[in-house]
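Below, each chain spelled out in residue letters.
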Amino acid sequence: ETAVFQTPNYHVTQVGNEVSFNCKQTLGHDTMYWYKQDSKKLLKIMFSYNNKQLIVNETVPRRFSPQSSDKAHLNLRIKSVEPEDSAVYLCASSLDRGLEQYFGPGTRLTVL
Amino acid sequence: GQQVQQSPASLVLQEGENAELQCNFSSTATQLQWFYQSPGGSLVSLLSNPSGTKHTGRLTSTTVTKERRSSLHISSSQTTDSGTYLCAIFNMGYKLTFGTGTSLLVDP
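The structure displayed is predicted, hence computed values, not measured ones.

(A) Just the interface of chain A and chain B, in detail. Chain A puts 16 residues into the contact, and the matching count from chain B is 16 residues. Contact with chain B buries area across many residues of chain A, yet A:Leu43, A:Glu100 and A:Phe103 alone supply 28% of it, more than any other trio. Linking chain A with chain B are 0 salt bridges, by the criterion used here. Among the elements of the structure, β4 (31-37), β5 (43-50), β6 (53-57) and β10 (101-103) of chain A are those that each provide at least two residues to the side of chain A that touches chain B. Counting residues per element, the side of chain A that touches chain B draws most heavily on β4(A), which supplies 3 residues. Of the residues in the side of chain A that touches chain B, the class split is 10 nonpolar, 3 polar and 3 charged.

As structure tokens, then:
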């Protein structure tokens, strides 16, 4: 099956903890993205990688850091989570930058 | 920066009726994509349509690039069409900017 896979589906943690989310795509795409969807359902891009190179880095707090081992994987680490980090984090990929994007199922983070 | 406005914010239909969703954007778009987000949250790409008219199944999208607008027409709506429809624009080729979405409810 070719698609975008994310783990975990849900994660509940406490303020100050570190969390990591994984994303893998089996579509053979060169570009991957992380988006944040807040409680109002607004989707905003956080990071984008093209062939393991960071090409988009929006204004996000420093506690967020993307990690790419190869072009099929893009993970997201959050050091010392805050309550406002509660959201759904969506990973996506595209064949190349600027082309149609395909999304994973998302990881819902709840920070208590 | 790029702004994407969608209307209506919400829409309620009876099964079998047609729906017309609008997307307006503030600056030139090199690519435009319509997405469906189910109540469970997964995001599915429906159509990629930077200009002109495209059809897929019961969906028709028309984008008028000069006027910075796009529409999504859903014909013969079904209860399973209920969910949120999102319009997203590329500018600069790297960043997808999403609209605020239209929440559609189709009653049986």
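(B) Representation of the sheet that holds strand β8 (residues 73-78) of chain A within the structure. All names here are of chain A. Strand order in the open sheet formed by 4 strands is β1-β3-β8-β7, with antiparallel pairing between adjacent strands. In this open sheet, the two strands that pair with only one neighbour each are β1 (4-7) and β7 (64-70). Averaged over all adjacent pairs, the angle separating strand axes in this sheet is 20°, with direction ignored. Where strand β3 (residues 19-25) lies against β8, 4 bridges are found, and the strand directions are antiparallel. The residue bridging Lys-24 from the neighbouring strand is His-73, located in β8.

(C) View of the side chain of B:Gln31. Mapped onto the elements, B:Gln31 comes out in strand β4 (residues 31-37). Polar side-chain contacts of B:Gln31 include one of 3.1 Å to the side chain of B:Ser48. Other than its neighbours up to four places away in sequence, B:Gln31 contacts A:Gly98, B:Ser48, B:Asn49, B:Pro50, B:Ala88, B:Ile89 and B:Phe90.

(D) Inspection of the packing of aromatic side chains at higher detail. Taken as a whole and assessed by the stated rule, the structure comprises 9 aromatic pairs over all chains. Summarising the aromatic geometry, the rings of A:Phe21 and A:Tyr89 are spaced 5.6 Å apart at their centres and angled 40° between planes, so their arrangement reads as tilted. Here A:Phe21 is found in strand β3, whereas its partner A:Tyr89 is found in strand β9 (residues 87-94), with 68 residues between them in sequence. Judged by relative accessible area, which is 0%, A:Tyr89 ranks as buried. In this structure an aromatic cluster arises from ring pairing among A:Tyr33, A:Tyr35, A:Phe103, B:Phe35 and B:Phe98.

(E) Spotlight on the environment of B:Ala88. All names here are of chain B. Relative to the helices and strands, Ala-88 resides in strand β9 (residues 83-91). In this structure, the C-alpha to C-alpha distance between Ala-88 and Phe-35, residues 53 residues apart in sequence, is 7.8 Å. Residues within four places of Ala-88 in sequence aside, it is in contact with Gln-31, Leu-32, Gln-33, Phe-35, Leu-96, Thr-97 and Phe-98.

Cut-offs used in this document
Residues numbered from 1 in each chain as written. Chains lettered and ligands numbered in written order. Predicted model: local features only at pLDDT ≥ 70, side-chain atom pairs only at ≥ 80, totals over all residues. Heavy atoms only, no water. Contact = heavy atoms within 4.5 Å. Buried area = accessible area lost by both parts, 1.4 Å probe. Salt bridge = Lys/Arg side-chain N within 4 Å of Asp/Glu carboxyl O. Helix = DSSP H or I, 4+ residues; strand = E, 2+ residues; numbered from the N terminus. Nonpolar A, V, L, I, M, F, W, Y, C, P; charged D, E, K, R; others polar. Pairing = 2+ DSSP bridges. Axes fitted to C-alpha atoms, helices over the stretch in contact; angles between N-to-C directions. Polar contact = N/O pair within 3.5 Å; in protein donor to acceptor, adjacent residues only side chain to side chain. Phe/Tyr/Trp six-rings, centres within 6.5 Å; stacked < 30°, edge-to-face > 60°. Buried < 20%, exposed > 50% of the residue type's maximum accessible area, 1.4 Å probe, protein only.

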